[in-house]
Amino acid sequence: MRVAVTGGTGLVGQALVRALHGDDHDVLVLSRRGNAGPGGVRTARWPGAEGGGGTWWRTLEGADAVVHLAGEPIAARRWDTAQKERIRASRTRGTRALVEGMSQLQRPPAVLISASAVGYYGPCGDAVIHEDAPPGRDFLAEVCVAWEAEAARAEALGTRVAVLRLGLVLAAHGGALARMLLPFRLFLGGPAGTGRQWVAWIHLDDAVGLMRWLLTTPDARGPFHATAPQPLTNRDFSRAIGRALGRPSWLPVPAAALRLALGEMAEALLLTGQRAVPARALAGGVGFRYADADAALRAVLGR
């Protein structure tokens, strides 16, 4: 199978590219900077949110599938007006440019897997969230709704579209978990705010496994939660980190301090959450190697 991957130099993208390359698929990494892909795979430049134009889309000729993971990192910096626009544009305009490029092909790819996030639902309290739940109304929810709508336009090309609503991805290097570990290593770890908000998480290997399943399952279309079957409250997730590191996890970080330090981002990413479960993946027979957070964190942290 020929698979083109945007965002192939990011945390999830690198892992996917390595897995596909290891399975002897023909992989092409589309990069705005033309960076070398993992494992020496082929690379090509593409415009991303800068829009269409040019003939970059010719690099997609013959591709059987596209996996679209590119986007401005959500937690790269504090959300001011300019940063929020970068987050929005990188996803909506970038996806629009990708689909427009696909439309120029004589034979568009058979499948497009496009990333999204469980932030689609906004703050959800204790409700168990399946993929048919309605969207929220906060900034991240609005971005996800618009992002998914741009990907869905590929259906008109005869392309099967599957949307991957990602939770917190647990990986040994990079991602949000790496930034969360320092306080625990300094014996200062604990829950954020009340700790009652839910964390929908997934081990990197399981996220890659789900994408590989979506690529090869002809009737898999629409949204899928890339989350483990057992979400945890922030308090319980913090305890699991503490156990994995052999550190205490009793010192809470006050919500007021997080809001002061991070602004709006603190509310969206740390102080609220989604109790999202992978209902559609489980119904399709997808297995999860790491369904338990303790096992996942031990694997990630080498314990």
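Residues numbered from 1 in each chain as written. Predicted model: local features only at pLDDT ≥ 70, side-chain atom pairs only at ≥ 80, totals over all residues. Heavy atoms only, no water.

## With respect to the nonpolar core
Step number 1: Counting residues in each nonpolar core, the largest one holds 46 residues, and the members touching the most others are V5, L16, V67, L69, M211 and L214.
Step number 2: For this core, the element with the highest residue contribution is helix α5 (residues 204-216), accounting for seven residues.
Step number 3: What L69 contacts, discounting residues up to four positions off in sequence, is V5, T6, G7, V12, G13, L16, A115 and M211.
Step number 4: Within the second largest apolar cluster, 20 residues are counted, among which are L168, F184, A228 and A293. (Core = buried A, V, L, I, M, F, W, Y, C linked by side-chain atoms within 4.5 Å. Buried < 20%, exposed > 50% of the residue type's maximum accessible area, 1.4 Å probe, protein only. Helix = DSSP H or I, 4+ residues; strand = E, 2+ residues; numbered from the N terminus. Contact = heavy atoms within 4.5 Å.)

## Some details on the packing of aromatic side chains
To describe a pair of aromatic rings, you give the distance between the ring centres and the angle between the ring planes.
Step number 1: Within this structure, the stated rule accounts for four aromatic pairs.
Step number 2: Between the aromatic rings of W79 and F139, the centroid separation amounts to 5.2 Å while the plane-to-plane angle is 65°, which identifies the pairing as edge-to-face. Of this pair, W79 sits in the loop between β4 (65-68) and α2 (81-103) while F139 sits in helix α3 (residues 139-152), and the two are 60 residues apart along the sequence. Residues W79 and F139 agree in their burial class; the two are buried.
Step number 3: With centroids separated by 5.1 Å and ring planes inclined at 80°, the aromatic side chains of Y120 and Y121 adopt a geometry described as edge-to-face. For the pair formed by Y120 and Y121, the shared burial category is buried.
Step number 4: Over the aromatic face of F139 sits the side chain of K84, whose NZ or CZ is 4.8 Å from the ring centroid.
Step number 5: Positioned above the aromatic ring of Y120 is the side chain of R165, whose terminal nitrogen or guanidinium carbon lies 3.6 Å from the ring centre. (Phe/Tyr/Trp six-rings, centres within 6.5 Å; stacked < 30°, edge-to-face > 60°. Lys NZ or Arg CZ within 6 Å of the ring centre and 35° of its normal.)

## What about the pairing of strand β1 (residues 2-6)?
Step number 1: Burial within β1 is extensive, with four of its five residues counted as buried.
Step number 2: In this sheet, strand β2 (residues 26-31) lies alongside β1 in parallel orientation, the contact comprising five bridges. Its bridge partner being in β2, V5 is matched across the sheet by V29.
Step number 3: Where the polypeptide runs from β1 across helix α1 (residues 11-22) and back to β2, its parallel neighbour, the crossover connection is right-handed.
Step number 4: Across four bridges, β1 lies against β4 in parallel orientation. Residue pairing for β4: T6 is matched across the bridge by H68. (Pairing = 2+ DSSP bridges. Right-handed = clockwise from strand over helix to strand, strands pointing away.)

## Some thoughts on the sheet that holds strand β5 (residues 111-117)
Step number 1: Ordered in space as β3-β2-β1-β4-β5-β7-β11, the seven strands form an open sheet in which the pairing is parallel. Two strands in the sheet have a free side with no partner beyond their single neighbour: β3 (42-45) and β11 (222-226). Mean inter-strand twist for the sheet, computed between neighbouring axes without regard to direction, equals 25°.
Step number 2: Inspection of the sheet shows β4 paired to β5 by four bridges, in the parallel sense. By the bridge assignment for β5, A65 is matched with V111.
Step number 3: The sheet strands contacting α5 are β4, β5, β7 (160-166) and β11, and the helix crosses β7 at an angle near 170°. (Axes fitted to C-alpha atoms, helices over the stretch in contact; angles between N-to-C directions.)

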